[in-house]
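What the coordinates show
What follows is each chain in one-letter form.
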Amino acid sequence: MKSILVTGCNRGIGLELIKQLVALSKPPQHVLATVRQPDKAKELQELASANKSIHILQIDLKDLKSYKPLSKEVGEIVGDDGLNVLLNSAGISSKFARLQYLKAEQLEEHFLVNTIAPTMLTKALLPLIKVAASRSSSPPGLSKGLIVNMSSILGSISSNTTGGLYPYRASKSALNAITRSLSLEVKDDGIIALSLHPGWVKTDMGGPKAPLTVQESVSKILQTLSSLEARHNGQFIQFDGQELPW
Ligand SMILES: NC(=O)c1ccc[n+]([C@@H]2O[C@H](COP(=O)([O-])OP(=O)(O)OC[C@H]3O[C@@H](n4cnc5c(N)ncnc54)[C@H](OP(=O)(O)O)[C@@H]3O)[C@@H](O)[C@H]2O)c1
């Protein structure tokens with residue numbers, strides 16, 4: 001893999017992905033990390049000063065108009081090689097459990113950040129991913145073209161036996177539906193698109209009771225991504241590669 005762009009890299013899974021990517025024995029040439037407020041992303045800034053492969057890009061993913069200038073910036077960094085991997089990690093989750101307390105704005109915000117943003121960012125960056133895929137003689141996988149939508153088991157409709165969490169569940173289910181359509185659209189370009197559940201992870205979102213540390217989750221995620229093949233296109237998998245029910 002020559003290049004990867006990860007969203008939401010000031011904390012949580014996004015930040016850990018950047019840490020582990022630059023520590024790989026063969027790190028990508030370009031590691032593009034998006035954050036809302038670069039000045040406040042201290043850990044990422046420190047990592048970037050020690051690793052010249054890291055490019056910090058500013059974007060609030062709610063601002064859909066900034067996707068075009070972002071894709072131009074990405075194009076200037078990756079050049080003729082295009083972009084190999086887009087990992088849509090940024091997301092939000094609220095705890096509203098009951099319909100009685102649900103507000104339309106909560107649904108709107110979750111759909112904007114968790115569904116519309118990764119979809120429209122993929123649309124903006126797909127031309128660069130297609131360039132990378134067409135220039136690589138590798139079989140489908142990490143070093144060709146890959147789009148990973150960070151989903152959640154809570155977005156699995158068939159596994160939902162406890163209910164609640166309407167905005168989060170619905171926005172991730174919709175993202176899963178989009179991943180599936182996308183996978184069919186990019187298949188002929190040799191690009192893989194999949195939905196990934198990182199496990200229940202100790203981050204601000206996952207909370208302290210989560211069984212997985214962010215280091216464990218991300219290390220398994222990177223192992224899983226490195227072993228992807230064409231058959232994984234359009235799948236819903238978790239951090240360790242296990243397939244999940246839609
Ligand atoms: N942790 C878990 O147990 C778990 C389980 C299943 C799925 N997931 C999924 O994994 C992904 C990462 O989760 P996490 O645990 O790392 O969450 P987290 O620690 O809460 O971090 C969320 C990240 O998303 C960014 N973000 C949120 N809204 C944004 C916006 N409008 N524009 C740009 N960035 C925005 C945040 O940036 P700011 O700091 O600027 O807000 C932050 O970097 C999410 O998609 C989540 O749904 C997590």
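In this report, the structure presented in the accompanying data block is examined. Not measured: the values here are computed from a predicted model.

**A look at the packing of aromatic side chains**
Enumeration according to the criterion identifies one aromatic pair in this entry. Both rings, one in F236 and one in W246, keep their centres 5.4 Å apart while their planes meet at 25°; by these two values the pair is stacked. Placement of F236 in strand 7 (residues 236-238) and of W246 in the segment after strand 7 is noted, with a sequence separation of 10 residues between them. Taking relative accessible area as the criterion, F236 reaches 1% and is therefore assigned buried. Residue classification places W246 among the partly exposed residues on the basis of a relative accessible area of 33%.

**What to know about the environment of S143**
Note that S143 resides in the loop between helix 4 (104-135) and strand 5 (146-150). Look at S143 and you get partly exposed, because its relative accessible area is 32%. For the pair S143 and L5, spaced 138 residues apart in sequence, the C-alpha to C-alpha distance is 13 Å. What S143 contacts, discounting residues up to four positions off in sequence, is M1, N84, S136 and S138.

**Comments concerning the site of the ligand**
The environment of the ligand is formed by 29 residues, the closest being N10, R11, R36, Y168 and T203. G8 is positioned such that a nitrogen or oxygen atom in its backbone is 3.2 Å from an oxygen atom of the ligand. Here K172 contributes a side-chain N or O atom positioned 2.9 Å from an oxygen atom of the ligand. Relative to its unbound accessible surface of 890 Å², the ligand loses 94% to contact with the protein. Mapped by element, the contributors of at least two residues to the shell around the ligand are helix 1 (12-22) and helix 5 (166-186). Here the shell around the ligand is composed, by residue class, of 12 nonpolar, 11 polar and six charged.

Parameters at a glance
Residues numbered from 1 in each chain as written. Predicted model: local features only at pLDDT ≥ 70, side-chain atom pairs only at ≥ 80, totals over all residues. Heavy atoms only, no water. Phe/Tyr/Trp six-rings, centres within 6.5 Å; stacked < 30°, edge-to-face > 60°. Helix = DSSP H or I, 4+ residues; strand = E, 2+ residues; numbered from the N terminus. Buried < 20%, exposed > 50% of the residue type's maximum accessible area, 1.4 Å probe, protein only. Contact = heavy atoms within 4.5 Å. Near = heavy atom within 4 Å. Polar contact = N/O pair within 3.5 Å; in protein donor to acceptor, adjacent residues only side chain to side chain. Areas by Shrake-Rupley, 256 points an atom, 1.4 Å probe, with all protein chains shown as cover. Nonpolar A, V, L, I, M, F, W, Y, C, P; charged D, E, K, R; others polar.

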